[in-house]
Structures are given as C-alpha cells and as structure tokens.
Amino acid sequence: QGQLLAKSWSSLFGGQSGAALRGPIFSFNGRNVLRDPLWPHQLAWHGSTPRGGHARRWDCQGWRSSGTAQGMAAALGEGRLLAGHQHNCSAP
C-alpha cells in the first residue's frame, strides 16, 4: 500500500519551502534512514542543480575512495531535495 512522501512530483523538488517528507524512508535492507544510527547524515545524493539540471562538477561521477571530489546532496530533513550543498563524495 505504501505511504505518501509528497503531494506531487513538483512539490518534492521545487518551491521556496519544498516538500515536507511525510513518512519514513527505508534503505534497500529495510532500515529507516531517518532514525537508524548507521545513517548519521541522512543525505539524498543527487548531483543536480537547484533547478534539476546536471551539476557536472558536483556529481561524484568517477569518484574513487582515495579521491577528494565533492558532490551535491540534500539533507532529507530539510524537505527540499534539490536544495543541496556540496559534500565530500567519501561521506557515508
């Protein structure tokens, strides 16, 4: 049955305040990423600009564990998935 995360696709990504996520978000192994201690930063990695375009310099594409590249990610608690900030691609 599932839970509603946002009212619409556009509200999830756009707007001044963006969407307030309405339910838990689970990892592929069933952990609630907003509450589980294995997810200390609760980031959504996207590599996009605030308007949804490809942020070529900030997408972690081609990143290697020894690299210092940065990518765009948004804190899930903020509710604006494309309002990201640069984070080191090595961050968990």
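Use the structure listed above.
A brief report on the enclosed structure follows. Since the structure is predicted, the reported quantities are computational estimates derived from the model, not experimental observations. (Residues numbered from 1 in each chain as written. Predicted model: local features only at pLDDT ≥ 70, side-chain atom pairs only at ≥ 80, totals over all residues. Heavy atoms only, no water.)

Next up on the list: the side chain of Ser48. With respect to the helices, strands and loops of the structure, Ser48 is situated in the loop between β1 (43-45) and β2 (70-75). When residues no more than four places from it in sequence are discounted, the contact partners of Ser48 are Gly53, Ala55, Met72 and Leu82. (Helix = DSSP H or I, 4+ residues; strand = E, 2+ residues; numbered from the N terminus. Contact = heavy atoms within 4.5 Å.)

Bringing the environment of Ala73 into the picture now. Along the chain, Ala73 turns up in strand β2. In this structure, the C-alpha to C-alpha distance between Ala73 and Ser48, residues 25 residues apart in sequence, is 8.3 Å.

This part covers the pattern of salt bridges. Tallying each qualifying case throughout the model produces 1 salt bridge. In this structure, Asp36 and Arg31 form a salt bridge, with 2.8 Å as the shortest nitrogen-oxygen distance. Relative accessible area serves as the criterion here: at 33%, Arg31 is assigned to the partly exposed category. (Salt bridge = Lys/Arg side-chain N within 4 Å of Asp/Glu carboxyl O. Buried < 20%, exposed > 50% of the residue type's maximum accessible area, 1.4 Å probe, protein only.)

As a further point, take the state of the cysteines. Counted according to the given criterion, the structure contains 1 disulfide. What pairs with Cys60 in a disulfide is Cys89, and their sulfur atoms sit 1.9 Å apart. Between Cys60 and Cys89 the sulfur-sulfur dihedral comes to about -90°; the bridge is accordingly left-handed. One end of the pair, Cys60, is in the loop between β1 and β2; the other, Cys89, is in the segment after β3 (85-88), with 29 residues separating them in the sequence. Overall, Cys89 belongs to the buried group, its relative accessible area being 9%. (Disulfide = S-S within 2.5 Å.)

By themselves, these figures tell us nothing about what the structure is for.
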